[in-house]
Structure formats: structure tokens, C-alpha cells
Amino acid sequence: MRLLDDLTLTRHSGPRTKKTGTTCSGEASVADAVTWELRPAARPSLTVHDNHWANGERDIVL
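What you see is a predicted model, and the numbers here were worked out from it, not measured in a lab.

## Focus on the overall build of the chain
- Regarding its fold elements, the chain presents 0 helices and 5 strands.
- Written out in order from the N terminus, the α and β elements of the chain read β-β-β-β-β.
- A compact globule built from 62 residues should have a C-alpha radius of gyration of about 11 Å, whereas the chain, at 14 Å, is more than 25% larger.
- Taking the principal axes of its C-alpha atoms as reference, the chain extends roughly 40 × 25 × 15 Å.
- Taking all 62 residues of the chain together, the buried fraction comes to 21%.
- Look at the contacts in the chain between residues 6 or more apart in sequence, and 37% of them connect residues 24 or more apart.
- Total accessible area on the chain stands at roughly 4,600 Å², and carbon and sulfur atoms take up 56% of it.
- In the chain, the 8 positive side-chain charges and the 8 negative ones have mean positions that sit 6 Å from each other.

This is the structure we're talking about:
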């Protein structure tokens, strides 16, 4: 299977977005989010949200 050769990862243009929410540890916080688009060949694209929380945590949401 050649899955990795058939993937494209592109960062959305524009600034990071600010959002509020709950971190993985359950704390309320504010995050700077970077959005990426993952495109596997011959499959629907996936949006990836890379969240950098103000309390130091980070998560990636698909």
C-alpha cells in the first residue's frame, strides 16, 4: 500500500483563528487554531484543526 505517496497536506491561507473551548485535560482555555486540508488520492478531503491552547496544551482534531 502506497498511502503516504498519495497524500497532500495544505495549510489554509489566512491568519490563525481564535477559539474558546475545553482542552484534553478538561480545562477551559483559549486557542490559536491552524487549519490544514489533508487530501488522500481518490478520497474525500479531511480538515485538520491544529489547536495551540493558552495553557500550553496542544491537540489535533480531524
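## A look at the pairing of strand β2 (residues 17-22)
- The buried fraction of β2 is low, at 0 of 6 residues.
- Taken together, the 6 bridges between β2 and strand β3 (residues 28-40) define a ladder with antiparallel strand orientation. Bridging across to β3, threonine 22 finds its partner in alanine 28.
- Counted between consecutive antiparallel strands, the loop separating β2 from β3 contains 5 residues, among which glycine 26 sits at a positive phi close to 95°.

## Brief notes about unusual backbone geometry
- The residue alanine 42 is not glycine, and still its phi comes out positive at about 60°.
- The class of alanine 42 is exposed, set by a relative accessible area of 80%.

Definitions and limits used
- Throughout, residues of each chain are indexed from 1 in the direction in which the sequence is written.
- Under the rules for a predicted model, residues below a pLDDT of 70 receive no local features and side-chain atom pairs below 80 are neither given nor counted, while totals for whole chains, interfaces and linings still include all residues.
- Side-chain numbers come from the whole structure's heavy atoms, not from hydrogens or water.
- Numbering goes from the N terminus for both helices and strands, where a helix is a DSSP run of H or I of at least four residues and a strand is a run of E of at least two.
- Radius of gyration means the value over C-alpha atoms here, while the globule rule gives 2.2 Å times the residue count to the 0.38 power.
- Burial classification: accessible surface area is computed with a 1.4 Å probe over protein chains only, and a residue below 20% of its type maximum counts as buried, one above 50% as exposed, and the rest as partly exposed.
- Residue contacts are defined here by distance: any two heavy atoms, one from each residue, within 4.5 Å place the two residues in contact.
- Where accessible areas are quoted, they stem from the Shrake-Rupley method and a 1.4 Å probe; at the residue level, only the protein chains shown are allowed to cover.
- In summary, the charge assignment counts Lys and Arg as positive and Asp and Glu as negative, without counting His or the chain termini.
- Just so you know, the charge point we use is NZ for Lys, CZ for Arg, CG for Asp and CD for Glu.
- A strand pair is defined by DSSP finding two or more bridges across the two strands.

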